[in-house]
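Listed here are the chains, written in short residue letters.
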Amino acid sequence: MDWFEVVFLALLQGLTEFLPISSSAHLILPSQLFGWVDQGLAFDVGVHIGSLTAVMIYFRQDIWRMIVAWTGSLAGRGKTTDSTLAWYVIWATVPAVVMGFVFNSAVDHYGRSILVIAGTTLIFGALLWWADFSRTEVRPLEKITLKDAVIIGLAQAVALIPGTSRSGITITAGLMLGLNRQSAARFSFLLSVPVILGAGLLKGLELMQTGTADQWTMVVGGTVLAAISAYACIHLFLKWLDKIGMLPFVIYRMLLGFVLLGVYFVV
């Protein structure tokens, strides 16, 4: 890669990781439209580290309270709101781990076509609009239940299919279960921590096994840019969410889905 590609892909990854618009749908376009080569495993690991760093810094106080409270619950010091939320994040992560272990190779083989990504971008974009438009309850995050967490976790497992959008489908599930927008988004972002950490570790182990030589200056640069863009994305998304709702992202997904269909059938 050259530096233009590094900057473009790192910013794109950081922005799309947390917006409900599907990072996989975006990252496939440069290679299809511009003929760019694959960015490489080391770069993938780097942008995962960048995204993870951003979300952990942004929610550092929440995460620290959850860790302390969760550790306390293991030591028998009783349940608190933070320890309960920590357990819910753990239980909600289990379906993605199981489904990823069982279906990862099948998804890699069958799920990465532009047609599949276009279809999931459109279908789950429409579902996001319906969930936001038809919501009736507006429960805060403190009112989330174990049942809610497990259902959101099952929805997250569906995001193994490229184009679905992990943040998009978990926010959709949260809205359908009656959480308010801020609560659905915050739980989605907290839920991303173990998922991104796990994905980064797996890619890191794969990188160690391959022993691939890369331009590490560009990898580090991509990591930093992904972290900055992801942090800005989280901050602005939560700040504007109640004002703009999900409709702008739904419209964008519809446009993106049709662009992908055009790429598949025309280009």
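The rules we used
Residues numbered from 1 in each chain as written. Predicted model: local features only at pLDDT ≥ 70, side-chain atom pairs only at ≥ 80, totals over all residues. Heavy atoms only, no water. Core = buried A, V, L, I, M, F, W, Y, C linked by side-chain atoms within 4.5 Å. Buried < 20%, exposed > 50% of the residue type's maximum accessible area, 1.4 Å probe, protein only. Helix = DSSP H or I, 4+ residues; strand = E, 2+ residues; numbered from the N terminus. Contact = heavy atoms within 4.5 Å. Axes fitted to C-alpha atoms, helices over the stretch in contact; angles between N-to-C directions. Parallel < 35°, antiparallel > 145°, perpendicular 65-115°, else oblique. Left-handed = near helix turned anticlockwise from the far one by under 90°. Nonpolar A, V, L, I, M, F, W, Y, C, P; charged D, E, K, R; others polar.

(A) Examining the nonpolar core more closely. By size, the foremost hydrophobic cluster in this structure holds 46 residues, and its most contacted members are Phe187, Phe189 and Phe237. Among the elements that take part in this core, helix α9 (residues 181-210) stands out by supplying eight residues, more than any other. Those residues in contact with Phe237, other than ones at most four positions away along the chain, are Leu19, Pro20, Ile171, Ala185, Phe189, Met246 and Phe249. In terms of nonpolar packing, the next biggest core, distinct from the first, is built from nine residues, Ala25, Ile28, Leu256 and Leu260 among them.

(B) Representation of the environment of Gly257. Secondary-structure assignment places Gly257 in helix α11 (residues 247-265). Gly257 gets classed as buried once you look at its relative accessible area, which sits at 0%. The sequence separation of Gly257 and Gly163 amounts to 94 residues, and the corresponding C-alpha distance is 9.0 Å. Contact partners of Gly257, with chain neighbours within four places excluded, come to Ala118, Thr121 and Leu122.

(C) Seen up close, the packing of helix α5 (residues 81-110) against helix α7 (residues 146-158). Running from N to C, α5 and α7 point in directions that differ by 30°, and their axes come no closer than 8 Å. Looking at the two axes, α5 sits roughly parallel to α7. The crossing of α5 and α7 is right-handed. Counting all contacts with α5, which are made through Tyr88, Trp91, Ala92, Thr93, Pro95, Ala96 and Met99, the residues of α7 involved are Leu146, Ala149, Gly153, Leu154, Gln156 and Ala157. Of the residues contributing to the contact of α5 with α7, the split by class is 10 nonpolar, three polar and no charged.

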